[in-house]
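# Structural features, examined
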Amino acid sequence: MKRPQVRSIQLALILVAGVAFDVSADVVELATATLNPTSNDLQQVEPVQFTQAPLQPPATAPTVPPPALAPPLSGPLQQDVLPTTPGLPINQLAPPQPNAFQGAGLATLPAGFGATLGSFSSSPNMIGDLFGGGFSFLSGSQTVTFADYAAGEIISGTDGSPSAVLAFEFGTDSAPNDIFTSGTGLDLAGLENAADTFQILEPIPPSDALTSPGPGFVFDGGTAVYTNNTTSTTAQPGTFTDGQQWYIVYSYTNTINGGANGGNNFPGAARDFIPVPGPGVSARRIKISENFSPEVRDRFFTNYNFFNDAYGGLGDISRYILGFERILVEDLISIEARLPMAGTYGSFQEIDRPERRNFELGNATVIAKAVLLRTNRFLLSGGTGVTMPTADDTSLTIGNREILRIDNRTVHLLPFIGAIQRLGDRTSLQSYLQLDIAANGDPVLANLTGGPLENLGTFTDSTLLYADVAASHRVYQNRRAKFLRSANVSGEIHYTGTLQASDIVTTSGLTYTNLKRNFNVVNTTVGMHFQLGDRLVVSPAIAAPLRTGLDRQFDYEAIVQANYYR
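For the structure given in this document, a descriptive report is provided here. (Residues numbered from 1 in each chain as written. Predicted model: local features only at pLDDT ≥ 70, side-chain atom pairs only at ≥ 80, totals over all residues. Heavy atoms only, no water.)

### Thoughts on the overall build of the protein
Broken down by element type, the protein carries two helices and 27 strands. Taking contacts inside the protein between residues at least 6 apart in sequence as the whole, the part at least 24 apart equals 66%. When the accessible area of the protein is evaluated, it comes to approximately 25700 Å², of which 60% is carbon and sulfur surface. (Helix = DSSP H or I, 4+ residues; strand = E, 2+ residues; numbered from the N terminus. Contact = heavy atoms within 4.5 Å. Areas by Shrake-Rupley, 256 points an atom, 1.4 Å probe, with all protein chains shown as cover.)

This is the structure we're talking about:
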């Protein structure tokens, strides 16, 4: 039964609102009359009440403020307040704000944010450190054995004498001159005092007997055994005379990368082992975090890396990378391509002239990246790369004979995840996790004897884990400068480790594997990022290893990277 009271209250409120509206209208009308010097009402108002009224703009009217328009800006300050707009030159974009990552989700930033210098200046690309791998070696030995029957002719001494010297002929020469016995003969049959086994000297060209198969082969020695037939291989009783049958057996062995001084019996092989370059030394494996950002960007870029005194005796190596990144979906997806190349240990090596250097093309890589999450100060992205076998095959020769070939067939899969954490307008952290997985292997073919190459098996490289962290801080910014617009300093820590050992391919006495099957590499990188002009960023840096032994892949690395942003 309280509804009449409610209605009464409602009617009262309506009346009050109407009165207020009438009063407001009167006030507005009165103010208008005050500002109009021709109004007759102006004479009725006491001057002392409205002395300041002419100084107040219409926008200060009590309840009906007209929309206020900011005065246009001119001069150099104008560029500091321009909005982020696609297509503007990179220097005209707004400076990064604390809420640069607006909202949450996959694509909440203004169009073109990924390509702006504003995003770069507060979170520049990570620089990197990777040597690139591709260093292995072939070890083991192969033996070539000769065995045949020949008639022996006594050229010194008497029948059956241990001091006799015999000669053997394997061709058509009238006088036997291919193989000669040496030293004192032995009576291995043990049934009389006549000798039946002699050591032999190495046959010297020109000889109708088999001589050395080629460089690197060493004469192992051999024996001449009196059999008096062409079926037995062991000494027979009796006293040898001219024209009787002997069993001749001897061998040559080639040992590579083993024994004293590496076992290398080749001219110029004066170190412990002869390295075998994997396909594309220093340009074989790709670390995505090198000159990379979790943000999607439109850019062309190039990297230069100089490795001083690379491990395994490879000396100094210069590596170059050409690439581009293109945004496919604004602020969400980009595609990137990289082509590495290097002045390094050549993919074709002559074992008697080691360390042949060449300019080598590496394995090309394509990388797809997608932004997964954005918050006010955090960005998370991920994707995968695919490295394709565009580098040359590896070939190792002795003279004009190929003894080893590694066919470059491996495809590498590179899944990764990366994040940016902005600590303010000037400082940011960046981190990555990446795997490098060999999806297949490289066929390995070898034969030290000079015959057709034999398939030793398929070599599958280690799966690698990369973990990288970088911190950057902007130390200078002047968006009105004509040349140097901003400068950032960066410090980075990089880890590269094997998740399982690389293969060992072995057969026929030969073994092919990596120089180190397991490793844990830790490097640090310090560098600067300079914005030059509207769109160019140049990043010089230096990297140093923090571990020793074969985990120290170089003495130091000098780096220069350049990015041109569209």
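Continuing now.
### Some thoughts on the pattern of salt bridges
In this structure the tally under the stated criterion is 21 salt bridges. Glu 336 serves as the salt-bridge partner of Arg 338, at 2.6 Å between the closest nitrogen and oxygen. Overall, the relative accessible area of 3% leaves Arg 338 in the buried class. A salt bridge links Arg 547 to Asp 551; its shortest N-O distance comes to 3.2 Å. Of the residues examined, Arg 547 reaches a relative accessible area of 35% and is grouped as partly exposed. Judged by its relative accessible area of 5%, Asp 551 falls in the buried class. (Salt bridge = Lys/Arg side-chain N within 4 Å of Asp/Glu carboxyl O. Buried < 20%, exposed > 50% of the residue type's maximum accessible area, 1.4 Å probe, protein only.)

### Considerations on the pairing of strand E14 (residues 378-387)
Examined bridge by bridge, strand E13 (residues 365-374) and E14 share nine bridges and lie antiparallel to one another. For Leu 373, the partnering residue across the bridge sits in E14 and is Leu 380. Bridge analysis of E14 against strand E17 (residues 412-422) gives ten bridges, and the strand direction is antiparallel. When the sheet's bridge partners are listed, Ser 381 is paired in E17 with Gly 418. (Pairing = 2+ DSSP bridges.)

### Description of the packing of aromatic side chains
Evaluation of the coordinates by the stated rule reveals 20 aromatic pairs. Centroid distance Phe 306 to Tyr 556: 6.3 Å. Interplanar angle 50°. Geometry classified as tilted. With Phe 306 in strand E8 (residues 299-310) and Tyr 556 in strand E27 (residues 556-565), this residue pair connects regions lying 250 residues apart in the sequence. With relative accessibility at 34%, the residue Tyr 556 sits in the partly exposed group. (Phe/Tyr/Trp six-rings, centres within 6.5 Å; stacked < 30°, edge-to-face > 60°.)

### Remarks on the sheet that holds strand E19 (residues 442-446)
The sheet built from five strands is open, its strands ordered E11-E15-E16-E19-E20 with mixed pairing. If you trace the sheet from one side to the other, it starts and ends with strand E11 (348-350) and strand E20 (454-459), each paired once. Strand-to-strand twist across the sheet, computed as the mean angle between neighbouring axes with direction ignored, equals 20°. In this structure, E11 lies alongside strand E15 (residues 394-398), joined through three bridges in parallel fashion. Of the residues in E15, the one forming a bridge with Glu 350 is Thr 397. (Axes fitted to C-alpha atoms, helices over the stretch in contact; angles between N-to-C directions.)

### Concerning unusual backbone geometry
For the bond running from Pro 205 to Pro 206, omega is -5°, close enough to zero to count as cis. When you line up the elements, Pro 206 lands in the loop between strand E4 (197-200) and strand E5 (217-226). With phi around 50°, Asn 291 is a residue other than glycine that occupies positive phi space. Looking at the secondary structure, you find Asn 291 in the loop between strand E7 (275-277) and E8.

### Let's talk about the nonpolar core
Leu 138, Phe 168, Phe 240, Trp 246, Ile 248 and Leu 404 are the most contacted members of the largest nonpolar core, which has 38 residues in total. With sequence-adjacent residues up to four places away left out, Phe 168 is seen in contact with Ala 150, Ala 151, Gly 152, Pro 176, Asn 177, Asp 178, Ile 179, Thr 181, Ala 224, Trp 246 and Ile 248. Counting residues in each nonpolar core, the second largest holds 14 residues, with Phe 307, Tyr 311, Leu 314 and Leu 515 among its members. (Core = buried A, V, L, I, M, F, W, Y, C linked by side-chain atoms within 4.5 Å.)

### Thoughts on the pairing of E4
Sheet topology note: the strand E3 (residues 179-186)/E4 ladder contains three bridges and is antiparallel. Residue pairing for E4: Thr 181 is matched across the bridge by Ile 200. Relative to E5, E4 runs antiparallel, the two being bridged by three bridges. Paired with Phe 198 across the bridge in E5 is Ala 224.

### Describing the environment of Leu 532
Positionally, Leu 532 belongs in strand E25 (residues 520-532). Judged by relative accessible area, Leu 532 falls into the partly exposed class, the value being 22%. Here the alpha-carbon distance between Leu 532 and Arg 485, two residues 47 residues apart in the chain, equals 6.1 Å. Here Leu 532 is in contact with Phe 483, Leu 484 and Val 538, once residues within four sequence places are set aside.

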